[in-house]
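Structural characterization, general
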Amino acid sequence: MLDIDECYIEILRLVKQAGSIIREKIYQPKDVLTKSCDVDLVTEWDQKVEKLVIDGVLSKYPDHKFIGEETTASGQKIELTDAPTWIIDPIDGTMNFVHGLPHTCISVALLINKTAEIGIVYNPILEQLFTARKGKGAFLNGAPIHVSEEKELRKALIMVEMGTSRDPEKLKIMLQNITLLTARVHGLRSLGSAALNMCMVALGGVDVCFEFGIHAWDIAAGDLIVREAGGVSIDPAGGPFDVMSRRTLCASTKELAQELSKILVQYYPERD
Ligand code: IPD
């Protein structure tokens, strides 16, 4: 039987270690490569952080599986089984990391039987450590956090992202959504990290966020953190959350989630 307490201690240690790499490198010149398109960026530090985490976990748990952003080739199908699986985004908000905008983080989740047991999102620049364990609540730097109580879209602050694809169909749909939402909500915000956007919902700083086209590694930890903070995590069309669907909607309340899901223009990317 896997000791989840021990896994949690071990992954926290690795995430902190990885965080010091990001903290050290963010304001230094970097070689930047592109992946699926000109705005889908990667640096050697994304790759090094992912290797550090995977090697560290494997040295203790040699039979565990991994779904990692930088060890998955662009467009490659990923497989989620019932085995203990670590879903890792070594630097979520790589664009921010490249520019030196301090909204960037490591996102790691442990799923067992396809159920999230641990979620960690760590912004080492601003020292924001978001953590959650299944059934044990969500925390920022060790203090419990909770979503807002907002139920109405017209009073909501919303996180949106254009994402890292320049597919014209997706851009058109996102611009339609931004246009229709601007007139109906308190405000729109964009932090440039899907994982941190979800944590802002968990924290009660914003009321709802959604995105089309993200990957499992962007949202696996945030999903658990939002739910453990008392929020809801669903598919943007209103159905259940599916970590492989490349679609996410997180909100403080089910009323708000449902109201937004009914008006969004939907986009269905190819699944992970
Ligand atoms: C990206 C960020 C961004 C989101 C993109 C993601 P990455 O992750 O989370 O905010 O809009 O969809 O791909 O590439 O920086 O790990």
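Refer to the structure above for everything that follows.
Conventions adopted
- Residues numbered from 1 in each chain as written.
- Predicted model: local features only at pLDDT ≥ 70, side-chain atom pairs only at ≥ 80, totals over all residues.
- Heavy atoms only, no water.
- Near = heavy atom within 4 Å.
- Polar contact = N/O pair within 3.5 Å; in protein donor to acceptor, adjacent residues only side chain to side chain.
- Areas by Shrake-Rupley, 256 points an atom, 1.4 Å probe, with all protein chains shown as cover.
- Helix = DSSP H or I, 4+ residues; strand = E, 2+ residues; numbered from the N terminus.
- Nonpolar A, V, L, I, M, F, W, Y, C, P; charged D, E, K, R; others polar.
- Domains from an automatic or database assignment.
- Salt bridge = Lys/Arg side-chain N within 4 Å of Asp/Glu carboxyl O.
- Buried < 20%, exposed > 50% of the residue type's maximum accessible area, 1.4 Å probe, protein only.

**Re the site of the ligand**
Lining the immediate surroundings of the ligand are 15 residues, of which Asp92, Gly93, Thr94, Ala194 and Glu211 lie closest. Take Glu69: an N or O atom from its side chain is 2.9 Å from an oxygen atom of the ligand. The separation between an oxygen atom of the ligand and a polar side-chain atom of Asp218 is 3.2 Å. Expressed as a share of its isolated accessible area of 380 Å², the protein-covered part of the ligand is 95%. Among the elements that make up the shell around the ligand, the one with the highest residue count is strand E4 (residues 85–92) (three residues). Its residues assigned to classes, the shell around the ligand comprises three nonpolar, six polar and six charged. Mapping the shell around the ligand onto the domain boundaries places at least three of its residues in each of domain 1 (4–144) and domain 2 (153–263).

**Quick word on the pattern of salt bridges**
A full pass over the atoms with the stated rule returns 16 salt bridges. The partner of Asp5 in a salt bridge is Arg133, and the shortest N-O contact between them spans 2.8 Å. Of the two residues, Asp5 is situated in helix H1 (residues 4–25) and Arg133 in strand E7 (residues 128–133); the sequence distance between them amounts to 128 residues. Judged by its relative accessible area of 40%, Asp5 is partly exposed. Notably, a salt bridge pairs Arg247 with Asp235, separated by 2.9 Å at the nearest N-O pair. In this pair, Arg247 is assigned in strand E14 (residues 247–251) and Asp235 in the loop between strand E13 (232–234) and E14, connecting sequence segments 12 residues apart. Of the two residues examined, Arg247 and Asp235, each falls in the buried class. Several salt bridges converge on common partners, so that one network encompasses Lys35, Glu69 and Glu70.

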